[in-house]
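The residues making up each chain are set out below.
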Amino acid sequence: MASAAEQLAANLNFGAFAKATELRKRIWFTLGALIIYRIGTYVPIPGIDPRVLSEIFQQQGGGLLGILNMFAGGALGRMTIFALNIMPYISASIIIQLLTAVSPTLEALKKEGEAGRKKINQYTRYFTVVLATAQAYALAVGLESVHGSMGAAVVDPGWYFRFTTVVTIVGGTMFLMWLGEQITSRGVGNGISLIIFTGIVASLPHALVQMLELGRTGALSPFVILVLLVLCVAVIFFIVYMERAQRRLLVQYPKRQVGNRMFGGESSHLPLKLNTSGVIPPIFASSLLLLPATLIGFAGNQAGDTGSWVAFIAGQLAHGQPLFMALYAALIIFFCFFYTAIVFNPEETADNLKKYGGFIPGIRPGKSTADYIDYVLTRITVIGAAYLTVVCLLPEFLTSSYSVPFYFGGTSLLIVVTVTMDTVAQVHSHLLAHQYEGLIKKSKLRGSRR
């Protein structure tokens, strides 16, 4: 028999959306907020020569700066107020979560419930300001040292330019952080994820046009383009399959007698996702690799010595190079295990099962259950880490072998697919809450017949 959610999904139609007025308001609010974000990606920072900047990004468009520009929805290439996008907030959130596992103070705040969560969120915002200020200042200093064939990228370098750039970029980042929180509370889906999703999707049409242009000029054969499109669809199906995969541990609850009646005795399951860490490992690995490589690129432009050690390191950290792919894979695997250990505590799960009388058949409650859950979680995390590594390294091979002009697969496609799945799930949950009474009548339950 189909579940209630499956019955709802089978009966979805435009009439259901028309009746769900609250859901419509949330969707329109989300779309309006994302439109505001896209408008902001075209508001430039004062003091920048756009011709020189466009020349620099055309030269390094296939490198690490191109990935940053893709995540920012083209805002970094145009050097706008949203040049850093929401990445400082994501980095701050990840670092605070990592510190929660090693700091007794933050761990105690996490256990305080809603009040502790608000306090941790406040610390995350403060740390976002610090990170955004440091990155904006480094970006301003780096722009002053960038020169193209048409001159310098900065019209009037100096402390005034650095101050205005830092204030503008930090203000834009904090506005995006506030906008993402508003989408989460008043819209549909996770606001921070939707902002990154919008930036990536906005860059895809231009990248697709570039690939078709390569096919028109003969740089790529039509057969290769067709294979890439088919491979893209196959990778999307693979990501959806792996993100929905679970390892279910059977949990049994004992029977108990109250008076003359027996209660309990039912069985349930403990779902363990194959990819517990989500898209956090690729994002954090990309951030760690992008920061030094970008600084090396700016330093190489300033030094002007292509044969120096700076140029050598920059070349080794380029896309498709063995050193870059080895470091990228190692960081993804490391953060898969590290982040999984933070977000899922086997001992706490085992204690909760023991508290409510649940047990895994054949396993003693308590420490033995915690060890068994940790054993199973470690084994499936190996598969999840391998899956993330394959998906994220796929564009590196395509870029180096076929000069694909966009980052096929990898973090971008992973974010697009997972955010789409989460947003659709939230829309279904809103419709389920709205149509609950009608759903009971359609499912022909015993209670409704009475």
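Above this note sits the structure.
All of the points below concern the structure found in this document. (Residues numbered from 1 in each chain as written. Predicted model: local features only at pLDDT ≥ 70, side-chain atom pairs only at ≥ 80, totals over all residues. Heavy atoms only, no water.)

### A look at the overall build of the chain
Where we set the bar: The way it works is that DSSP assigns letters per residue, a run of H or I at least four long becomes a helix, a run of E at least two long becomes a strand, and they are numbered from the N terminus. Only protein chains enter the accessibility calculation, which uses a 1.4 Å probe; a residue whose area is less than 20% of its type maximum is buried, one above 50% is exposed, and one in between is partly exposed. We call two residues in contact when some of their heavy atoms are within 4.5 Å. Accessibility throughout is a Shrake-Rupley quantity obtained with a 1.4 Å probe, and a residue counts as covered only by protein chains that appear here.
Secondary structure summary: the chain contains 20 helices and six strands in total. When each of the 450 residues of the chain is scored for burial, the buried share is 43%. For the chain, the proportion of contacts with a sequence separation of at least 24, taken over those separated by at least 6, is 74%. As presented, the chain carries roughly 24,300 Å² of accessible surface, and 64% of it is formed by carbon and sulfur atoms.

### As for a nonpolar patch on the surface
What counts is decided by this rule: Each patch groups residues whose relative accessible area exceeds 30% and which form no salt bridge, using 9 Å between like charges and 5 Å between nonpolar side chains of Val, Leu, Ile, Met, Phe, Trp and Tyr. By salt bridge we mean one thing: a side-chain nitrogen of Lys or Arg within 4 Å of a carboxyl oxygen of Asp or Glu.
Together, Ile 333, Phe 337, Val 382 and Ile 383 give the surface a local cluster of nonpolar side chains, amounting to about 320 Å² of exposed area. Looking at the nonpolar patch, the elements that each hand over two or more residues are helix 15 (322–343) and helix 17 (367–402). Looking at the secondary structure, you find Ile 383 in helix 17.

### Describing the packing of aromatic side chains
By convention here, two paired aromatic rings are described through the distance between centres and the angle between planes. Quick note on the threshold: Aromatic pairs are defined between Phe, Tyr and Trp rings, using the six-membered ring for Trp, whenever the two ring centres lie within 6.5 Å; interplanar angles under 30 degrees are classed as stacked, those over 60 as edge-to-face, and all others as tilted. Two conditions define a charge sitting above a ring: the NZ of Lys or the CZ of Arg must be within 6 Å of the ring centre, and it must be within 35 degrees of the ring normal.
According to the stated counting rule, one finds seven aromatic pairs in the structure shown. With 5.1 Å between their ring centres and 70° between their planes, Phe 334 and Phe 335 make a pair best called edge-to-face. On the basis of relative accessibility, which here comes to 7%, the residue Phe 335 falls in the buried class. Ring plane angle 20° and centroid distance 5.6 Å describe the contact between Phe 334 and Phe 338, whose orientation is recorded as stacked. Here Phe 338 and Phe 334 lie together in helix 15, a separation of four residues that amounts to about one turn. Given the relative accessible area of 31%, Phe 338 is considered partly exposed. By way of ring pairs, the aromatic residues Tyr 37, Phe 82, Phe 175 and Trp 178 are connected into one cluster. Positioned above the aromatic ring of Trp 159, the side-chain terminus of Arg 162 is 4.7 Å from the ring centre.

### Examining the packing of helix 7 (residues 87–102) against helix 9 (residues 114–144)
Stated precisely, the cut-off is as follows: Working convention: axes come from line fits to C-alpha atoms, limited for helices to the stretch in contact. Angles between N-to-C directions cover 0 to 180 degrees. Should an angle lie under 35 degrees it is considered roughly parallel, over 145 roughly antiparallel, and from 65 to 115 roughly perpendicular; all remaining angles are considered oblique. For a crossing to be left-handed, the near helix must be turned anticlockwise from the far one by less than a right angle; the clockwise case is right-handed. Here the term charged refers only to Asp, Glu, Lys and Arg, the term nonpolar to Ala, Val, Leu, Ile, Met, Phe, Trp, Tyr, Cys and Pro, and the term polar to all other amino acids, Gly among them.
Contact geometry for helix 7 and helix 9: axes closest at 8 Å, N-to-C directions at 130°. Looking at the two axes, helix 7 sits oblique to helix 9. The chirality of how helix 7 crosses helix 9 is right-handed. For the pair helix 7 and helix 9, the contacting residues are Pro 88, Tyr 89, Ser 91, Ala 92, Ser 93, Ile 95 and Ile 96 in the first and Ile 120, Thr 124, Phe 127, Thr 128, Leu 131, Ala 132 and Gln 135 in the second. Within the contact of helix 7 with helix 9, the residues separate by chemical class into nine nonpolar, five polar and no charged.

### Focus on a negative patch on the surface
We apply this condition: Charge convention: Lys and Arg are scored as positive, Asp and Glu as negative, and His as well as the terminal groups of each chain are ignored. We put the charge of a Lys on NZ, of an Arg on CZ, of an Asp on CG and of a Glu on CD.
Taken together, the side chains of Glu 347, Glu 348, Asp 351 and Asp 374 make up a negatively charged region of the molecular surface. With three residues, helix 16 (residues 346–355) is the single largest residue contributor to the negative patch. By the element assignment, Asp 374 lies in helix 17.

### Topic: the pattern of salt bridges
Inspection of every chain in the model, using the stated rule, returns four salt bridges. Notably, a salt bridge pairs Arg 26 with Glu 22, separated by 3.6 Å at the nearest N-O pair. Of this pair, Arg 26 and Glu 22 both sit in helix 3 (residues 21–40), four residues apart, which is roughly one turn of that helix. Here Asp 371 and Lys 367 are joined by a salt bridge, their closest N and O atoms 3.0 Å apart.

### Looking at the state of the cysteines
The condition that has to hold: Cysteine sulfur atoms that come within 2.5 Å of each other are treated as a disulfide pair.
In total, this model carries zero disulfides according to the counting rule given. The thiol of Cys 336 is unpaired, and the distance to the nearest cysteine sulfur, on Cys 392, comes to 8.6 Å. Overall, the relative accessible area of 1% leaves Cys 336 in the buried class.

### Re unusual backbone geometry
For Asn 85, which is not glycine, the phi dihedral falls at a positive 55°. Turning to its location among the elements, Asn 85 is positioned in the loop between helix 6 (75–78) and helix 7.

### Focus: the nonpolar core
Stated precisely, the cut-off is as follows: Only buried residues count toward a nonpolar core. Its members are Ala, Val, Leu, Ile, Met, Phe, Trp, Tyr and Cys residues joined through side-chain atoms within 4.5 Å.
Counting 82 residues, the largest nonpolar core has Ile 48, Met 79, Ile 86, Ile 90, Leu 143, Ile 239 and Tyr 328 as its most contacted members. Here this core gets ten residues from one element, more than from any other, and that element is helix 17. Among residues more than four places away in sequence, those in contact with Ile 86 are Thr 173, Leu 176, Met 177, Ile 192 and Ile 196. Grouped together as the second largest cluster of nonpolar side chains are six residues, Met 211, Leu 220, Val 224 and Leu 228 included.

### A short note on the packing of helix 9 against helix 10 (residues 159–186)
Contact geometry for helix 9 and helix 10: axes closest at 8 Å, N-to-C directions at 140°. When the axes of helix 9 and helix 10 are compared, the pair comes out oblique. By crossing handedness, the relation of helix 9 to helix 10 is classed as right-handed. Here Arg 125, Thr 128, Val 129, Ala 132, Thr 133, Ala 136, Tyr 137, Leu 139, Ala 140, Val 141, Leu 143 and Glu 144 of helix 9 come into contact with helix 10, specifically with Trp 159, Phe 161, Arg 162, Thr 165, Val 166, Ile 169, Val 170, Thr 173, Met 174, Met 177 and Glu 181. For the contact of helix 9 with helix 10, the class distribution of residues is 15 nonpolar, four polar and four charged.

### Here we look at helix 12 (residues 222–244)
Put simply, the rule is: How far a helix is expected to stretch is found by multiplying one less than its residue total by 1.5 Å.
With 23 residues, helix 12 ought to run about 33 Å at 1.5 Å a step, and its terminal C-alpha atoms sit 34 Å apart, in line with that. Along helix 12, the residues classified as buried are Val 224, Ile 225, Leu 228, Val 235, Ile 239, Met 242 and Glu 243.

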